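A structural walkthrough
Take a look at the letters that make up each chain.
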Amino acid sequence: MRIVLLGAPGSGKGTQAKMIAQKYKVPQISTGDILRAAVAEKTEIGKKVSAIIDAGELVSDDIVIDAVTDRLRANESRRGFVLDGFPRNIPQAQELDTRLGWLGRPLQLVLQFALDNEIVIKRVTGRLSCGECGAIYNRHFSRPNRPGVCDKCGSKQLSHRADDNEKTVRARLQTYDQDTAPLSAYYKAQHKLRTIQAGGEVEQIFSVICEVVDMEIRPLEKKVTTPKSVRPQAVSTKPATNKKSEKKAAEKPTTATVKKATKKVTKKAAAKTVAKKVVKKAASKVAKKAAAKKAAKKRPGKKR
Ligand code: AMP
């Protein structure tokens, strides 16, 4: 399965992405998690993006696109993936389509999480996450059984994200409306968008998601599964090892290539027609000569 979760911060994408990843055995690729890890490890990229994340703005497309591409190419993504927090704007979505096209593995489904902004703010400002296993809790709605201790792994590293304060959340919502919301029209045009009402209980939302996934993706996967014997040998789903060969192998024919091929075919057809005409003309000449000979033979008194 190859899906994208689209939704404002706090709409529950992260929680559902984890559950989907576990059930369908595909990796969750979260650009937010990747960037936060870079910040925590104080890498070059981490240093670059730290202030941008704190301000609730989007980091540069190049950084996230490269990070996601590495993960998409990795072996763990062979069975598919669930993208969480990426793409966040139209250029990212276009780049994702292009790169998945090169890999011969286009997106199958985009789930858009719909939720009222005020609930989003309450959810985000109360959010706690486990630094050990990534489990998510909420001070208002779903506290851990023992305060400060993760129910899932027992770790005491439950923490509140630095960018989960009201000021940053409002900025992130504004960024979402401006840059990310237009993606719904983009994916609607591709007939891949489904809306999930994200205001209910986590388990209930998850069961709706599973229904949609099973209905939209599973039959599609069955339909496109062809017996081994008829599978084209030249098409490989393996990620290519070098960028150039990967591009070349999976690229669609360019307009120039198509034009060239069409010209070749037209030329060949024209040559064939000319050849046919020549043969026809020659045949008619021979026939005419033969008829004239016959007529001359029949004419009485005519000496030869
Ligand atoms: P998230 O955890 O998805 O809410 O992301 C946290 C922050 O990371 C965002 O507010 C952005 O600053 C940054 N970020 C995450 N994903 C992206 C992306 N696809 N493009 C640009 N910035 C991103």
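The present account deals with the structure reproduced in this document. (Residues numbered from 1 in each chain as written. Predicted model: local features only at pLDDT ≥ 70, side-chain atom pairs only at ≥ 80, totals over all residues. Heavy atoms only, no water.)

Some points on the nonpolar core
Keep this limit in mind: Grouping buried Ala, Val, Leu, Ile, Met, Phe, Trp, Tyr and Cys residues that are joined through side-chain atoms within 4.5 Å yields what is termed a nonpolar core. Here's how the labels work: a residue is buried when its accessible area is under 20% of the maximum for its type, exposed when over 50%, partly exposed in between, all with a 1.4 Å probe on protein chains only. Only DSSP runs of H or I covering at least 4 residues are called helices, and only runs of E covering at least 2 are called strands; the numbering of each starts at the N terminus. We call two residues in contact whenever any of their non-hydrogen atoms come within 4.5 Å of each other.
I3, I20, L96, L111 and Y187 are the most contacted members of the largest nonpolar core, which totals 55 residues. A per-element tally of this core places helix α9 (residues 202-216) first, with 6 residues. Excluding its chain neighbours within four sequence positions, the residues that come into contact with I20 are M1, I3, L5, K25, V82, F206 and I209. Counting 6 residues, the second-largest nonpolar core is a separate cluster that includes L128, C130, A135 and C150.

Section: the pattern of salt bridges
Spelled out, the test is: Basic side-chain nitrogens of Lys or Arg form a salt bridge, by our definition, when they fall within 4 Å of a carboxyl oxygen of Asp or Glu.
A full pass over the atoms with the stated rule returns 10 salt bridges. Here E95 and R99 are joined by a salt bridge, their closest N and O atoms 3.0 Å apart. Placement of the pair is E95 and R99 together in helix α5 (residues 90-103), with a separation of 4 residues, close to one helical turn. Of the residues examined, E95 reaches a relative accessible area of 26% and is grouped as partly exposed. Linking R170 and E166 is a salt bridge whose minimum nitrogen-to-oxygen distance equals 3.1 Å. A residue pair is termed a helical-turn pair when its members lie 3 or 4 positions apart in one helix, as R170 and E166 do in helix α7 (residues 166-180) at 4 residues. By sharing partners, the salt bridges in this structure join D66, E95 and R99 into a single network.

Description of the packing of helix α2 (residues 31-40) against helix α3 (residues 44-55)
Rules: Only the contacting stretch of a helix is used when fitting its axis, a line to C-alpha atoms as for every element, and angles between N-to-C directions run 0 to 180 degrees. What sets the label is the angle itself: under 35 degrees gives roughly parallel, over 145 gives roughly antiparallel, 65 to 115 gives roughly perpendicular, and the rest give oblique. Crossing chirality is assigned from the near helix's rotation relative to the far helix, an anticlockwise turn below a right angle marking it left-handed and a clockwise turn marking it right-handed. Classification used: nonpolar for Ala, Val, Leu, Ile, Met, Phe, Trp, Tyr, Cys and Pro, charged for Asp, Glu, Lys and Arg, polar for all others including Gly.
Put simply, α2 and α3 touch, their axes get as near as 8 Å, and they point 115 degrees apart. Classed by the angle they form, the pair α2 and α3 counts as roughly perpendicular. α2 and α3 meet at a crossing whose hand is left-handed. Across the interface between the two elements, L35, A38 and V39 from α2 touch I45, G46, V49, S50 and I53 from α3. By residue class, the composition of the contact of α2 with α3 is 6 nonpolar, 2 polar and no charged.

With respect to the packing of helix α1 (residues 13-24) against α9
Between α1 and α9, the least distance of the axes is 10 Å, while the angle of their chain directions is 55 degrees. What the angle tells us is that α1 and α9 run oblique. Along this stretch, α1 crosses α9, giving a crossing that reads as right-handed. Of α9, the residues touching α1 (which contributes T15, Q16, M19, I20, K23 and Y24) are V202, E203, I205, F206, I209, C210, V213 and D214. Its residues placed into classes, the contact of α1 with α9 shows 9 nonpolar, 2 polar and 3 charged.

Some thoughts on the sheet that holds strand β6 (residues 136-138)
What counts here: Two strands qualify as a pair provided that DSSP identifies no fewer than 2 bridges between them.
The antiparallel open sheet is built from 3 strands, whose spatial order is β6-β5-β7. The open sheet has two edge strands, β6 and β7 (158-159), and neither has a second partner. In terms of strand pairing, strand β5 (residues 127-130) meets β7 through 2 bridges, oriented antiparallel. What sits directly across from S129, in β7, is S159.

Examining the environment of P106
Within the secondary structure layout, P106 lies in the loop between α5 and β4 (109-114). C-alpha of P106 to C-alpha of M1: the two residues are 105 residues apart in sequence and 10.0 Å apart in space. Leaving out residues up to four positions away in the same chain, P106 has contacts with R2 and L100.

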